[in-house]
Amino acid sequence: MNTLSKFAVSAAAAALLVANTSTAGTLDDTRAAGELKCGISTGVPGFAFTSDAGDWQGFDPAVCQAVAAAIFGDTSKVKYTTTTGKTRFTALASGEVDMLARNTTWTFSRDTDLKLDFVGVNYYDGQGFMAPADLGVGSAKELDGASVCIQTGTTTELNLADFFRVNGISYEAVPIETNDEARTNYEAGRCDVYTTDASGLAATRSSFDDPSAHVLMPEIISKEPLGPLVRHGDSEWADIVRWTLNALITAEELGVTSENVDKMATGTDNPEINRLLGSEGDLGAMIGLDKAWAWRAIKAVGNYGEIFDKYIGKDTPIGLERGLNAQWTDGGLLYSPPFR
Amino acid sequence: MATTIDMRGPPKSGFSIGKIWTDKKSRGVIVQVIAMAIFCAVVFYLANNVVENFQKLGKPFGFDFLEQESNYDINQTLISYNSQSSHGRAAVVGILNTLLVAFCGIILATILGFILGVLRLSPNWLVNKLAYCYIEFVRNVPVLVHILLVHGIMVHSLPHPKQAINVADSFFLSNRGFYMPQPVFQPLFWLVVAAFVFGLIYAFWYRRAARIKQAATGEQSPVFWVMLASIIGLPILAFLLTGLPIEWQDPVQGKFNLKGGMAIKPEFMALWLALSLYTAAFIAEIVRSGIMAVDKGQSEAALALGLPRKRTMNLVVIPQALRVIIPPLTSQYLNITKNSSLAIAIGYMDIVATIGGISLNQTGREMECMIIVLGLYLFFSITISMIMNWYNNRIALVER
C-alpha cells in the first residue's frame, strides 16, 4: 500500500508540474510556439467576453493582444486559457500559461510566497456589495445574517471574512467558482448579496434584465489593484509584459492613439514619443524585441484610454467612470515610468 | 531394472547461461525483477521531476502552513470554526463534511438500493418495469449531472426564505435549506443516554443467551421483541420519567434568513440525494443479481423441509445472496465516498473544497494540499474496504 500511495502521489505531482520542464526563456519558448499562452477569466462582461465570432475580447484580453502584437505583430496569435479564481495560479506556475491577464489582485503573499511577479496595475479596484433594491439595505453594515455569494480562491473571500468579523456581524458564505455561477445563484435568491470587485459588480449588473433593480452598497471594503502577472524567475519576460502595459498607458498620456500612431511613428518633436515608437534610439532591443514593438501594440489594440472606453467606459453598458484609473495628469493613479 | 523410475527428475547437467532463461522458475524471477526495476525507474523519474521543478520554481516544501490562520469562512461546519482558525482546522471541517455526506449517502443508497432491487424482482409487471426504468435512467446519466440537476431544482424552484414552506411553525423548507427545531439538552438528559447504552448492552447479552439456550434445548425466545423493548423502549421510558428533558428551539424569520434551529443546506441535500439516488440504482442491480444467484432449489428444499417462507428467506436465501452482494457493494460504497468530491461543483465544503481548494489557493501549496487530499481519500477507501472485507469474511461459507 505504501508503494501504491507513493506512486499515486508522484503521479499527481508529475501531472501538476510536468509541463514546466523547459529551460529556455519564456520569450524564446513563445516565439518557438508561435503563440502567446495567456490566462484569462471565465467571463466578466466588458472585462473578458467572447465576440459573436467566438474570439476573446475585453479589457483584460486586450493586454494579451498587446503583448502578442509586440512580439508577433499579430493579435490573433494568442492562445487563451480560461482560469477560475482557484485554478489561475496553478496554471501560471505550471507553465500552462505564460501570463495572466484577468482580474487578479496584486498582494504581498501572491507576489512573494506564491512565486509570481505582478508587472503592473491595469485597473485600480475595490471590493463592493450588490443587493436587490427591494431588499431595502442601504449599507453593508446592515447585512447581519445575510447569505453572501462569494467567489472562492479570491482576495474578496478573505476581505469578506475580515469585514464581517471586524464589524461583529454574522453571515452565511455561499461559495461559488465563477462570475456566471454567482450571477445564477444571486438571481435565484440563493444569496441576498453578491460581493466582488466593484468593477465586476457593475459589469454583472449591466447584464441583468433590469439593472436598476439592483443597488451597489456605498462601502468599498478593500484595495484591489488588478494587473497582469507572470511567473517568478524570468525577469526578461516580466519586462516585456510590464513595458507593453506601460507603453499603452504612456501612449494615452502622450496622446498617441491607434489612429495617429502611424503618423507619429515617422517622427515627432517629442523625443519620448520617438523613443516609444522607435524612430529614435532602440528601446525594443533592450527587451529582446525590435524597434517597432510598442508601435505594433498601440496600433493593434489602441492606448489604455481607447481600450477602457471601448470595453468598459461610460459609453458601454458597463458604464464605468475613469475615477482612480485616470492618468495622473487628470487626477488618477495611472503613472507609467518614463520611456528613456 | 526396467521398473526402476528415477525420482529425482531429469538428470542435472552443467550450468549454462541459456538455462537461466529456458528454466521456467528462474525466468519468472528475471521477468519480475525487470518489471520491478522499470516500475522503480518510473517512480524515481516522476519523484525526481517533482523535486527538480520545485527547486526551479524556488518553492519550499512543508506543512507549516496548516498552522496559519485560514482567513476564510465555511458555511456548514460540524465543529466550531471561524476565519481565525487554522488551515489545519479547515481541513478537519472538510474531512467531517466529506464523512458526513459519505455516511448519510451510504445509508440512504443502501436502503433505496435494496428496496429497488427487490421491486425489480417483483412478479407485478408495473412495479417491475417502473423499477427497471428508474434504474436504467439513473445509472446511465453521469453523477455530476444528477448533482447539478438536484441542486438546480432546489435553488430555483423552492421558495425564498421569506415565503418558506412552513410546517407547524417549526419546520421550514426554502431554497436556503431545510430548517428544523434544534434540541437543547437539559441536565437530566444523560439518564436517557445511560438508559440507551444499558438497553443496548442488555439486548446483545440477551440475544447471545437466547442462542446458547436454543442450541442447548431447542427452545426459542422472543429475541426481536426483547431487543426492541430494551434498545428503544427503555430510553423512551427514561425520557418520559425524567420529564422530557429536551427543549426545542424553533427557527424564526430574521431579516434575511431564518434564524436559530438546525439547518440542512441545499448544497448538502443536493449532494446527498444525488449521490444516493445514483448509487442506489447500481446497488439495486447488485441486490437483484445476488438474489437471483441463489439457486431455486435452495428455497424449494427449505420449503420442503417445512420452514415458513419468512424463515426460508432469512435463513437460506439472504445469507447466500449476501455472499454475492457484499464484494460489489463494497465498491459502490467506495464510489459514493470518492464521488462526494464532486461537491466542489455546487459549493459544498468538503475536503476538496477546503484544504484542496481554498487553502491550496490562498497559500499556493499545491503539492502539499494534494498529498493531504490524496492520503485522506486513500485512508477512507481502505478503511471502508477493510470493514466490508471483515464483514464478507464473517458471512463467507464456512467449509467443514
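Residues numbered from 1 in each chain as written. Chains lettered and ligands numbered in written order. Predicted model: local features only at pLDDT ≥ 70, side-chain atom pairs only at ≥ 80, totals over all residues.

## Digging into the interface of chain A and chain B
Logical step 1: Between chain A and chain B, the residue contacts involve 42 residues of the former and 38 residues of the latter.
Logical step 2: At the level of secondary structure, the elements contributing two or more residues to the side of chain A that touches chain B comprise α1 (2–17), α4 (88–93), β9 (146–151), α6 (155–166), β10 (171–176) and α7 (179–188) of chain A.
Logical step 3: Per-element tally for the side of chain A that touches chain B: the top contributor is α1(A), with 12 residues.
Logical step 4: Across the side of chain A that touches chain B, the residue classes tally to 21 nonpolar, 12 polar and nine charged. (Contact = placed C-beta atoms within 7 Å. Helix = DSSP H or I, 4+ residues; strand = E, 2+ residues; numbered from the N terminus. Nonpolar A, V, L, I, M, F, W, Y, C, P; charged D, E, K, R; others polar.)

## Some remarks on the sheet that holds β9(A)
Residues and elements named next belong to chain A.
Logical step 1: Strand order across the open sheet formed by five strands is β10-β9-β11-β8-β12, with mixed pairing between neighbours. In the strand order of this sheet, the two ends are held by β10 and β12 (214–216), each with one partner. Geometrically, the sheet is characterised by an average inter-axis angle of 30° between neighbouring strands, direction not taken into account.
Logical step 2: Two elements, β9 and strand β11 (residues 193–197), share three bridges in a ladder whose sense is parallel. Bridge assignment links I150 to a residue of β11, and that residue is T195. (Pairing = 2+ DSSP bridges. Axes fitted to C-alpha atoms, helices over the stretch in contact; angles between N-to-C directions.)

## A closer look at the pairing of strand β8 (residues 127–132) of chain A
Residue and element names in this part refer to chain A.
Logical step 1: Taken across its six residues, β8 has five buried, putting it largely inside the fold.
Logical step 2: One ladder, built from four bridges, connects β8 with β11; its direction is antiparallel. Directly across from Q127, in β11, lies its bridge partner D197.
Logical step 3: When β8 meets β12, the two strands line up antiparallel, connected through three bridges. Its bridge partner lying in β12, P132 is registered against H214. (Buried ≥ 20, exposed ≤ 12 C-beta atoms within 10 Å, placed from the backbone.)

## So, unusual backbone geometry
Leaving glycine out, the prevailing phi sign among residues is negative, and the prevailing peptide bond configuration is trans.
Logical step 1: Even without being a glycine, A:K115 presents a positive backbone phi close to 60°.
Logical step 2: Tracing the chain through its elements places A:K115 in the loop between α5 (108–111) and β6 (116–118).
Logical step 3: Residue A:K115 is classed as partly exposed on the basis of its 18 C-beta neighbours within 10 Å.
Logical step 4: The backbone of B:D169 sits at a positive phi, close to 55°, despite the residue not being glycine.
Logical step 5: Assessed through the 10 C-beta atoms surrounding it within 10 Å, B:D169 is described here as exposed.

## Regarding the packing of helix α9 (residues 296–304) of chain B against helix α10 (residues 309–339) of chain B
All names here are of chain B.
Logical step 1: In the contact formed by α9 and α10, the axes pass within 10 Å of each other and the chain directions differ by 160°. Looking at the two axes, α9 sits roughly antiparallel to α10. Of the two elements, α9 crosses α10, and the hand of that crossing is right-handed. Contacts between α9 and α10 involve Q298, S299, A302 and L303 on the former and, on the latter, T312, V316, V317 and Q320.
Logical step 2: Tallied by class, the residues present in the contact of α9 with α10 amount to four nonpolar, four polar and no charged. (Parallel < 35°, antiparallel > 145°, perpendicular 65-115°, else oblique. Left-handed = near helix turned anticlockwise from the far one by under 90°.)

## Some details on the domain arrangement of chain A
Logical step 1: You can read the domains of chain A as domain 1 (25–124 + 226–330) and domain 2 (127–222).
Logical step 2: Counting from both sides, the interface comprises 17 residues of domain 1 of chain A and, opposite them, 17 residues of domain 2 of chain A. (Domains from an automatic or database assignment.)

## Brief notes about the nonpolar core
Logical step 1: One finds A:V67, A:A70, A:V148, A:L248, A:A297 and B:L271 to be the most contacted residues of the largest nonpolar core, which totals 164 residues.
Logical step 2: Considering every element that reaches this core, the biggest residue donor is helix α8 (residues 266–292) of chain B, with 16 residues.
Logical step 3: Both domains that meet at this core, namely domain 1 (25–124 + 226–330) and domain 2 (127–222) of chain A, each give it at least three residues.
Logical step 4: Those residues in contact with A:V148 that lie beyond four places of it in its chain are A:L160, A:Y171, A:E172, A:A173, A:V174, A:C191, A:V193 and A:T195. (Core = buried A, V, L, I, M, F, W, Y, C linked by C-beta atoms within 7 Å.)

## Remarks on the sheet that holds strand β1 (residues 165–167) of chain B
Residues and elements named next belong to chain B.
Logical step 1: Spatially, the four strands line up as an open sheet ordered β1-β2-β3-β8, and their pairing is antiparallel. In this open sheet, the two edge strands, each paired with only one partner strand, are β1 and β8 (262–264). Along the sheet, successive strands turn relative to each other by an average axial angle of 15°, direction set aside.
Logical step 2: Here three bridges tie strand β2 (residues 171–174) to strand β3 (residues 177–180), and the two strands are oriented antiparallel to one another. If you follow F172 over to β3, its bridge partner there is Y179.

## Quick notes on the environment of A:T82
Residues and elements named next belong to chain A.
Logical step 1: Locating T82 in the fold gives a position in strand β4 (residues 78–82).
Logical step 2: The exposure class assigned to T82 is partly exposed, which follows from the 17 C-beta atoms found within 10 Å.
Logical step 3: Separated by 158 residues in sequence, T82 and I240 place their C-alpha atoms 22 Å apart.

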